[in-house]
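# Residue-level structural notes
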Amino acid sequence: MSFQYFHLSMMVPVSPIILVTTATPFCSAFHSSQTIFRHNYYPSKPTSSSEHSIFCAQSSAVSFGSAATEIDGRSLLVDTRQGDLMQKVDIFIDRLEGISTFCNSYNAKAREILNKVDRDHKNDVNWAEETSLPFEWDDGSSSDGKTSGRDTYPIEHDEILSYNDVALDQLVTKGDEKHRVAIRTKQSTPLLQHHEILCLKEAVELYWEGLSSYKIEESPQSNRNSTGSNHSSAKSRFTYQRRGNSEAHLSDVVKFSHSQEKTQVISLINDLLLNRVYPWIRDAYLSKETTIHPKDWELYVYDSLFIRYNATEANIDAVIGERVGAGQPLHRDLGYVSVNIMLNSQREFEGGGTFFENQLRSLISEDGVPELFDEAAVDVLPLKPLGVGHALVHYSSDRHAGAATFGGVRDILVIFVAAAARNENEKDGSQSTVTTGRAPTWERAARLKSTSRGNCSKCSSIVDHLACRMLHHRLAIGHVPNDGEAWHYLGMAMLEFYEVLQYPDIGNSNLDSIEGEDVLELSIECFNEATRHTPCDGRLYNNLGIALERLSECRRESDERIKRAYKTSFVIHSVCEKIGCDVGADFERTILNYGLHLSKQDDFEGAIRILSQIESRAASSNKNSELTSGSMHANDSRQKIIQDAKGLLSFCASQIAK
């Protein structure tokens, strides 16, 4: 049989989702020109991509190579499997000594990375102190969360778990672990009353009017690490700027209100934070932390945004017959918890809400395979507050999306609450607090992940670059051993290291001492560990499929796990898209990789079923994917993936026609 081939610019290792300015992801890919022979293909040298940071961080000592990790004087126990895998990773990084100049000073580099994290965190806290928003212990509160001379408003809430609105006692857990997706205020205790919402919205409208007429300027906050915006509102570090989204930083609104002598707005925000939000978050979240001493930490607002999702504006220039919603793609926020307050009635808009990746946990079987392949049968709805003035709260690190608002206008106030370590000093008979520069473990892990590519881009060689990234993610795992995304990103760095080993022109003869198969196996172990902690991340299974394919090629044997990984990724992305999440670029990568794998197995009919999904996406991808400024390359890459998938679809159809 003669080999049929198809020229394809195929994306091989897909880099991890990266966070742009505001905890908003876009995907960048490694592309390699490949000639596809039905059973063999030969990748070219991968190219690197960029990553941006948003997270605060903290200093602490991390001890590697044992079954326990020491964080700020407290031990984080890890299970035997994690401990063994950590040791394997450490041994591998140690082997890079002599190969990578970066690893020749491993301990010094680790200290340098952690010190930078501490400086960034301290700068963020100092910056927040300069805004008009109060910290938790301002105006009479103490470190135990109690207040002096203040009237707090006890907030009652319900816990939301699993993938539907079920009560805690109704949840059937897997193993002994309960998965709390979010908490939501009860009907009896909204965070904001009707007249307070009117006051806040009036202040925001006046602020926007001032911006549009150049009466005021954006604050430094609005411009720091900002992205382009479609509205004259302040630019955000958090949101995915696209048609239909408008924003205003709450601190800017308060500052503007002060200049206009609108004192009621200032009083309202102070009361909201000091007497409602902070006491509630401390009681519901911070007091239950075990990796820190809660009394040593003060809550504060890293940032807060009034966000307007305008479906009418989002649908301008939409493809005929297709509804385009205003929303946010799957992402993680900065900070500790995110508070989402509904500011207008559900009757005024269609769609919307917050979708959490962990809502899909019940669809994942014990072996990591979705139990429902027919995504049309999945009944998962985005979560919303109970009504106007009510709130939904979740850990900022939980991956979530602003589900598309398809009709009308949806207004929300989002408060990103973070924590700063404080030392209390008695001075002149009065209590004062001093920021120590430490940050919570969760923020440290988050910044280590999100800054890895940016910090490592200055390395002198690709080997040093990858070793640097491995160290960042290993440090993140040392702080939060169950951080599935850190395991995922560590696996990606190792997979990319394997790709480097395939090219003799790297110019480092010491690489010959490292077996490619060993690197692949360790990468796959990291991916598998990630699936234990983030079992609903479609990106993860796509990357696992790539690694398994590479290993299969090395061993020249088939592996059913490859198809299962791609299928899992395909199903998860399908469900997310059905719910109203923008997973376009991620889904398209999976479609292409899955279709290519099936075609190499001569399953052309199966490949056509998968690849045919791309046709409905091609026409609208340009108009409906308004990416952040500076990411034109990402948009071009997405178009290339779509074109490659369409070309492969034609090739598969021609094979069936023979």
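Before going into details, it helps to say that this report is about the structure given with it. For clarity, every value in this text was computed on a predicted model and none was experimentally measured.

### Describing the state of the cysteines
Applying the stated rule across the entire model yields one disulfide. Each sulfur of the disulfide joining cysteine 456 and cysteine 468 lies 2.0 Å from the other. On the S-S bond that ties cysteine 456 to cysteine 468, the torsion sits near -75 degrees, and the link is left-handed. Placement of the pair is cysteine 456 in helix α9 (residues 452-456) and cysteine 468 in helix α10 (residues 462-479), with a sequence separation of 12 residues. Cysteine 536 carries a free sulfur, and the closest cysteine sulfur to it, the one in cysteine 576, is 8.5 Å from it. Accessibility expressed as a relative area gives 1% for cysteine 536, which makes it buried. Cysteine cysteine 576 is unpaired, with the sulfur of cysteine 581 as its nearest cysteine sulfur at 5.3 Å. Residue class for cysteine 576 comes out buried when judged on its relative accessible area of 1%.

### Details of the packing of aromatic side chains
The final tally for this structure, using the stated rule, is 13 aromatic pairs. Ring centres of tyrosine 336 and tryptophan 442 lie 4.5 Å apart, and the angle between their planes is 25 degrees; this geometry places the pair in the stacked category. Here tyrosine 336, found in the loop between β11 (326-331) and β12 (337-342), pairs with tryptophan 442, found in helix α8 (residues 441-450); they are 106 residues apart in sequence, far enough to count as distant. Take tyrosine 336 and tryptophan 442: they sit in the same class, and that class is buried. Members of the aromatic cluster, joined through ring pairs, are Tyr285, Tyr336, Tyr395 and Trp442. The ring of tyrosine 285 is capped by arginine 180, whose NZ or CZ atom sits 4.5 Å from the centre of that ring. Note that arginine 276 overlies the ring of tyrosine 153, its terminal NZ or CZ placed 5.0 Å from the centroid.

### With respect to the packing of helix α11 (residues 484-501) against helix α13 (residues 538-555)
Orientation of α11 relative to α13, taken along the N-to-C sense of each, is 35 degrees, at an axis distance of 11 Å. Helix-helix and strand crossings are classified by hand; for α11 and α13 the assignment is left-handed. When α11 is examined against α13, the residues Glu485, His488, Tyr489, Met492, Leu495, Tyr498 and Glu499 are found in contact with a partner set consisting of Arg539, Leu540, Asn543, Ile546, Ala547, Arg550 and Cys554. Its residues assigned to classes, the contact of α11 with α13 shows eight nonpolar, two polar and four charged.

### Points about unusual backbone geometry
Of note, glutamate 261 is a non-glycine position whose phi angle comes to about 60 degrees, a positive value. You can call glutamate 261 exposed: its relative accessible area is 67%. Despite not being glycine, aspartate 602 has its phi angle at roughly 65 degrees, a positive value. Mapping aspartate 602 onto the fold places it in the loop between α15 (584-600) and α16 (604-611).

### Some details on the environment of arginine 347
Of note, arginine 347 is situated in the loop between β12 and β13 (349-351). Residue class for arginine 347 comes out exposed when judged on its relative accessible area of 78%. Sequence spacing of arginine 347 and valine 409 is 62 residues, and the spatial spacing of their C-alpha atoms is 9.9 Å.

Scoring rules and cut-offs
Residues numbered from 1 in each chain as written. Predicted model: local features only at pLDDT ≥ 70, side-chain atom pairs only at ≥ 80, totals over all residues. Heavy atoms only, no water. Disulfide = S-S within 2.5 Å. Helix = DSSP H or I, 4+ residues; strand = E, 2+ residues; numbered from the N terminus. Buried < 20%, exposed > 50% of the residue type's maximum accessible area, 1.4 Å probe, protein only. Phe/Tyr/Trp six-rings, centres within 6.5 Å; stacked < 30°, edge-to-face > 60°. Lys NZ or Arg CZ within 6 Å of the ring centre and 35° of its normal. Axes fitted to C-alpha atoms, helices over the stretch in contact; angles between N-to-C directions. Left-handed = near helix turned anticlockwise from the far one by under 90°. Contact = heavy atoms within 4.5 Å. Nonpolar A, V, L, I, M, F, W, Y, C, P; charged D, E, K, R; others polar.

Treat this as a map of the structure, not an account of what it does.
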